[in-house]
Amino acid sequence: MSKVKDSAAAALQDVLHDGMTLAVGGFGLSGIPADLIEAVRASGVKDLTVVSNNMGVDGKGLGVLIEAGQVRKVIASYVGENKLFAEQYLAGLLEVEFTPQGTLAERLRAGGSGIPAFYTKTGVGTLVAEGKPLAEFDGETYVQERAIRADVALVHAHTADTDGNLMYRYTARNFNPVVATAGGVTIAEAEVIVEPGALDPNNIITPGVYVQRLIQASSRVKDIEQRTVRPRAETIAVPA
């Protein structure tokens, strides 16, 4: 049975509710599920807890949910590109749980694997470890980190089949695979959608068992946070 829905709004219409936890793939603006994020914005759902590597930039990516005042709490590892985020955080309007990047990825992976918690050395002796259980293994101190399960996970893939099997491309293979496993309901947008059997099983990154719904991603410019270029070296023609 095809998991493809007609639109982002249709894919989200019965799973969004105030106060829910939303996990979102992407790294900065690379590989973000932009269509699904915009549909969340249009829905008006509020008091969201958003789990993501970061919160995009002002006016783009998850930044549009910050602008709309729909986010109550953020669990992220980096937020330095979003000025409005910083303003809301410093004003006490936004609760933030900073998590080291590798720890965040493992918390999502653990959530998708049925592992309730794990121990890591990362953060021991810092603010990250405050209030968390500590344990000693082989003479070293570790801090306990809880797994993350989201009500809904949103991801962006390059290619999918209608059964929900996903393949990612280049930088978009960042947090998307672990986010896809961590949702009670996972919704994917894909740039290319093919029929079952068209994908090489060896190249599938996220099996369709993790994905409940799928939409065709719209064609759009793929933004990056900062574009840095340098002049091209002059090409000198060499006589034949």
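All of the points below concern the structure found in this document. Going along each chain's sequence as written, the residues are numbered from 1 onward. Only residues with pLDDT of at least 70 are given local features in this predicted model, and only at 80 or more are side-chain atom pairs given and counted; all residues enter the totals for whole chains, interfaces and linings. With hydrogens and water set aside, each side-chain value is computed from the structure's full complement of heavy atoms.

## A word on the layout of surface pockets
Working step 1: Taken as a whole, the largest pocket holds about 580 Å³ of empty space.
Working step 2: Along its surface, the largest pocket is lined by 30 residues, and Leu29, Gly31, Ile32, Lys222 and Asp223 are the ones closest to its centre.
Working step 3: To qualify as a helix, a DSSP run of H or I must reach at least 4 residues; to qualify as a strand, a run of E must reach at least 2; elements of each kind are numbered from the N terminus. Within the residue set of the lining of the largest pocket, elements represented by two or more residues are helix H2 (34-43), strand S8 (150-161) and strand S10 (183-194).
Working step 4: The element contributing the most residues to the lining of the largest pocket is H2, with 4 residues.
Working step 5: Residues are grouped as follows: Ala, Val, Leu, Ile, Met, Phe, Trp, Tyr, Cys and Pro are nonpolar; Asp, Glu, Lys and Arg are charged; every other residue, Gly included, is polar. Grouping the amino acids of the lining of the largest pocket by side-chain chemistry returns 12 nonpolar, 9 polar and 9 charged. Both cavities and pockets are sets of points on a 1 Å grid over the protein atoms alone; in a cavity a 1.4 Å probe fits but cannot get out, in a pocket the set is open with protein on both sides within 12 Å along at least five of seven lines, and lining residues sit with an atom within 4 Å of a point. Grid points are joined across faces, edges and corners, and a volume is the space filled by probe spheres set on the points.

## Quick look at the nonpolar core
Working step 1: In terms of nonpolar packing, the biggest core is built from 36 residues, with Leu12, Val40, Met55, Leu154 and Ile187 touching the most fellow members.
Working step 2: Grouped together as the second largest cluster of nonpolar side chains are 22 residues, Leu108, Ile148, Tyr168 and Val211 included. To form a nonpolar core, buried Ala, Val, Leu, Ile, Met, Phe, Trp, Tyr and Cys residues must be joined to one another through side-chain atoms within 4.5 Å. A 1.4 Å probe rolled over the protein chains alone gives each residue an accessible area, and that area as a share of the maximum for its type sets the label: buried under 20%, exposed over 50%, partly exposed in between.

## Structural notes on the sheet that holds strand S7 (residues 140-146)
Working step 1: At least two bridges found by DSSP between two strands are what make those strands a pair. Pairing in this open sheet of 3 strands is antiparallel, and the strands run S5-S7-S6 from one edge to the other. Of all strands in the sheet, those bounded by a partner on one side alone are strand S5 (117-120) and strand S6 (134-137). Across this sheet, the average inter-strand angle for adjacent strands is 40°, counted without regard to direction.
Working step 2: Summarising the sheet, S5 and S7 pair through 4 bridges and their orientation is antiparallel. Residue pairing in the sheet places threonine 120 in a bridge with valine 143 of S7.
Working step 3: Helix-sheet contacts for helix H5 (residues 101-113) involve S5 and S7, and the interaxial angle to S5 is about 155°. Whenever a helix is involved, its axis is fitted only over the stretch in contact; in every case the axis is a line through C-alpha atoms, and angles between N-to-C directions fall within 0 to 180 degrees. In this analysis, two residues are considered to be in contact whenever any of their non-hydrogen atoms come within 4.5 Å of each other.

## Observations regarding unusual backbone geometry
Working step 1: Despite not being glycine, aspartate 47 has its phi angle at roughly 55°, a positive value.
Working step 2: In this structure, aspartate 47 sits in the loop between H2 and strand S2 (48-51).
Working step 3: Positive phi is not limited to glycine here, since tyrosine 170 has a value of about 55°.
Working step 4: The topology assignment puts tyrosine 170 in the loop between strand S9 (166-167) and helix H6 (176-181).

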